[in-house]
Amino acid sequence: MQGKAPGVNITTPNGVLNNPPVVRIRGVNSISLSSSPLYVIDGIPTYSGDNSATNAPNNPLSSINPNDIESIEVLKDAAAAAIYGSRAAGGVILVTTKRGKKGQSKVSVDSWAGLTKAFRLFDVLGAEDYMMIKNEAVRNLNANRVALGAAGNNVEGFRPTLDADGNVVDTRWYDYIYRTGFSTSNSVNFSGGTDKTSFYASVGYTNQKGMLENNEFKRTSARVNVDHKVYKTFSVGARINYANNYNAAPSTGSLSGSAFGTAGLGRLPLVLPPNIPAYTPDGRPATNGAGVGAGANVNPAAPTSALAPGYYNPVVDLAYNYFNSESNQIQGNVYANWEVLKGLNLRTTYGIDNVGFEDKSFQTALAGDGFSTGGSATNYYRTNKRWNWQNTAQYDRSFGEHNVSLLLGGEQQQTEVQRWGANRTQVADDFFDTYQGNFTNIAAAGNAQGFNYLVSYFGRLSYDYAKKYLLSFNARRDGYSAWGNKKWGNFYGGGVGYIITEENFWKNSGLANTVSFLKFTGSYGEVGNSQGVGDFTTLSTYGSGLYGINATLGYNNAGNRDLTWETSKKLDVGFSFGLLQDKLQGDFSYYRNTIDGLILAVPLSPSKGVPGNSIDANIGSMRNQGIEFNLKANIFQKQDFSWVVSGNVTTQRNEVLALVTEGQRIGTATSGLETVNYTRVGGSVGEILAVPSLGVNPANGQRMVSIVNADGTGRTTVQYNHQGGGWTTLDGKPARTPNQLTDGEYYGPVLPKWYGGIDNSFRFKQFDLNFFIQYSGGNYIYNGTKAGLHDQRFWNNDSDILDRWTSENTNAKWPRVVYGDNVSNGSALVMSSNVEKGDFARLRNVTLGYSLNPTLASRVGIANARLYVQVQNAALVTKYSGIDPEISSNGASNTGIGVDRNSVGQARTYTVGFNIGF
């Protein structure tokens, strides 16, 4: 679906296997709740997102074998999505699995194998350049101090470390972290049917090894879909899927909330000095306490001590630690359908979606995160249990040219989540690396429970006259246990359509030869959002704890009993067309979605004693609007050759209309440490607030930025010289320190203004070729990784730091290097020099296939056979200087979009596979 469905923006946030993609249908639809769509598989709403408690993500949606999917449908406008009422604000994605068909039984085998490699890694300094740059930075620091009358006594402490053979150590940390991953997948399915019974069954096994060491995903799945006609008017059936998912990953630092982790493998190869070794001469990991060993480097400020980086040696994590998450999921439904009268069907469907997650981790006492606790092991077990029961009555009847369909129904759904776990520390012996080993301490960890219940009544009326005048209306009344005084809500959506090409005057005119199909549509409705709200959020609750050895209770949530659904008012108008006997087909639509009652935290006086000094209320508002255009052209159609092109483009504009107070701006921090995104009225969600950078002063090599004058009118240029006078005006007078909130300017939106894809499919005799281009743009990205790559502490730098200011290179890209300076690069001050446009075009997929001639296939006793080769993420065209413009360090955050901080990028994958049918 990525780039292929108009209005659906799918972002791959990093290259960690099974990390959930960020899916947005027509933009961000909330601030504090989820903007993700509702996923419905064979009629049963299912779980999505990362459900793991470790560094190994686990997305329940990955339990579906892609070969089992018959179709995917996206419900975007209210006329279609309103049937799901309070859960439809973010759109709905319907997944339908395959069914058997009447006729001869069929067997199909699908198999592929592939290689995965890292793509677009940063070019960091080698040992020689690293030592040269850092020692130059120390000399410049001394010069600054001497100019102020202080002692310039810092030593040039970056020195070569020699290996056992006397060679200078030049460590390429990438070589220990990245690999060429090998993956395989095999699937077999059986299908067939008689007049009364049809069946589809499949088994599959996938084993993916990612581009990162220790990153692995395994899926074992089995599915049975059966439909049986008991007698002429009564049918029963079942859809049952079982899947076991195993996920393993190192500490990547790429999951939401972990961007600044000192063990993150996205960050370590960028910051670790290249002139220190990964291993000591005797083969042990080079460590110094919890961190990596210093090698020959000494602390410039304290030359009697080694320069011990505060970051960890990645080989320790990869050799001794593990993080995994394993799930067992059974999902399915059974149904019975009775045609009581001609056209009147009564149907009952009962479904379950039960998942058990076991999450395990171990961190060695040798170094890293487990060093301070003497080793650590955790075990968590989580159960997601859901049942869903739907009962419907549907009546379909035609009266001449009048066609009517009426559906009435009810739904009940119960979801219960429980998680319990414990953490053990202080390992008794290095032999133990599991929770079951001998540890000194044990403490409860990760315990949680939740419960919610949904009761619904719904109806749908569809009418058309002569297949040219169309009318539909959906209504739903939902009751949800999480709300207090307002548990019930009403939601609806209606649509109209007019197929003008069905009119006789059109059919009898010359226009029919040119315009073969033309349909106008319009819809409006109101749907709700409760996705992501806490099960007990409207209750005032207390949490238990200990005061010494005494049990105690503490006030931990101030519930608002009037809290209820956020409401989306969706308007959609458009048209669909077919030209030249449908050789050219397309559709166009304009959409506008106004979201009211956004749940936001209302500040309260600390004297009230309310936890967090705030209480949630339905108080905010925002709007999304844009257009969607989809086009498909049969460029060339002959017996031996065909060429089909399809493409789509979506525009989106998000505007915040109201927050809690006038002038309020809501900041969203990355991993709790750096606040780049701010949401304000009149802007788009999560815009980047950065102090304008004016580049490098060619006269002295100092970073220049613009600050607001004291009287609030106009701006002044100031420059920074680390430990050499700090912030001054260009004429050398002392200046105040720039402040992001006071001096920053907004860069936005962080949501793409436009996105889409272009698909080209060629067929020549038995060969087929497809290449798909995905594109996106108009948005800004905060490249925080670039700030770290130019930090003048002991951190390594991007090789472009060689273009730094010196007396011989005054027109430089980067400021004069001064040891300890983390301001001029933007690490300590969010600056516009690290804000970039996120426009890109990606050759997402290229596939070349060969299908066996049907006549030859039948001779060897098979129905069909196809061999193919494929490249995913084949090429990327972008001016963005980071590793990947799709990176999302804050995951699916609504207001923390567009931040790139220390994440691993996407991989490139080469695949060869075949499909054989019998």
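Structural data are supplied above this passage.
Just so it is clear, the structure is predicted and the values come from calculations on it, not from any experiment.

Remarks on helix α2 (residues 127-147)
- Its 21 residues place the ends of α2 30 Å apart at the C-alpha level, agreeing with the 30 Å of an ideal helix rising 1.5 Å per residue.
- Phi turns positive one or two residues past the end of α2, at Gly149, with a value near 85°.

Quick look at the packing of aromatic side chains
- In this structure the tally under the stated criterion is 31 aromatic pairs.
- An angle of 10° between the planes, with centres 5.4 Å apart, marks the rings of Tyr469 and Tyr498 as stacked. Of this pair, Tyr469 sits in strand β22 (residues 469-480) while Tyr498 sits in strand β23 (residues 488-499), and the two are 29 residues apart along the sequence.
- Under the relative-accessibility criterion, Tyr469 is labelled partly exposed at 35%.
- Take Tyr498: its relative accessible area is 26%, and that puts it in the partly exposed class.
- Measuring from ring centre to ring centre gives 4.9 Å for Phe767 and Tyr850, while their planes differ by 55°; the resulting arrangement is tilted. One end of the pair, Phe767, is in strand β41 (residues 767-777); the other, Tyr850, is in strand β44 (residues 840-851), and 83 residues separate them in sequence.
- Judged by relative accessible area, Phe767 falls into the partly exposed class, the value being 43%.
- In this structure Tyr850 comes out as partly exposed when scored by relative accessible area, which is 34%.

Here's the deal with the nonpolar core
- Phe122, Phe158, Tyr178, Leu212, Tyr311, Phe794 and Tyr819 are the most contacted members of the largest nonpolar core, which totals 43 residues.
- Contributions of two or more residues to this core are made by α2, α3 (174-177), α4 (268-271) and α5 (314-320).
- Here this core gets six residues from one element, more than from any other, and that element is α2.
- Ignoring any residue separated from it by four or fewer positions in sequence, one finds Tyr178 in contact with Ala118, Leu121, Met211, Leu212, Glu213 and Val904.
- Ranked by size, the runner-up nonpolar core spans 23 residues in total, among them Ala617, Ile688, Val830 and Ile897.

What about a nonpolar patch on the surface?
- Taken together, the side chains of Phe764, Phe767, Leu769, Leu848, Tyr850, Leu867, Val869, Val912 and Phe914 define a hydrophobic patch exposed on the protein surface, amounting to about 770 Å² of accessible area.
- Of all elements in the fold, only β41, β44, β45 (864-878) and β47 (907-917) reach the threshold of two or more residues within the nonpolar patch.
- Inspection of the secondary structure assignment puts Phe914 in strand β47.
- Take Phe914: its relative accessible area is 33%, and that puts it in the partly exposed class.

Thresholds, definitions, all that
- Residues numbered from 1 in each chain as written.
- Predicted model: local features only at pLDDT ≥ 70, side-chain atom pairs only at ≥ 80, totals over all residues.
- Heavy atoms only, no water.
- Helix = DSSP H or I, 4+ residues; strand = E, 2+ residues; numbered from the N terminus.
- Expected span 1.5 Å × (residues − 1).
- Phe/Tyr/Trp six-rings, centres within 6.5 Å; stacked < 30°, edge-to-face > 60°.
- Buried < 20%, exposed > 50% of the residue type's maximum accessible area, 1.4 Å probe, protein only.
- Core = buried A, V, L, I, M, F, W, Y, C linked by side-chain atoms within 4.5 Å.
- Contact = heavy atoms within 4.5 Å.
- Patch = residues over 30% accessible without salt bridge, like charges linked within 9 Å, V, L, I, M, F, W, Y side chains within 5 Å.
- Areas by Shrake-Rupley, 256 points an atom, 1.4 Å probe, with all protein chains shown as cover.
- Salt bridge = Lys/Arg side-chain N within 4 Å of Asp/Glu carboxyl O.

Geometry only, nothing functional implied.
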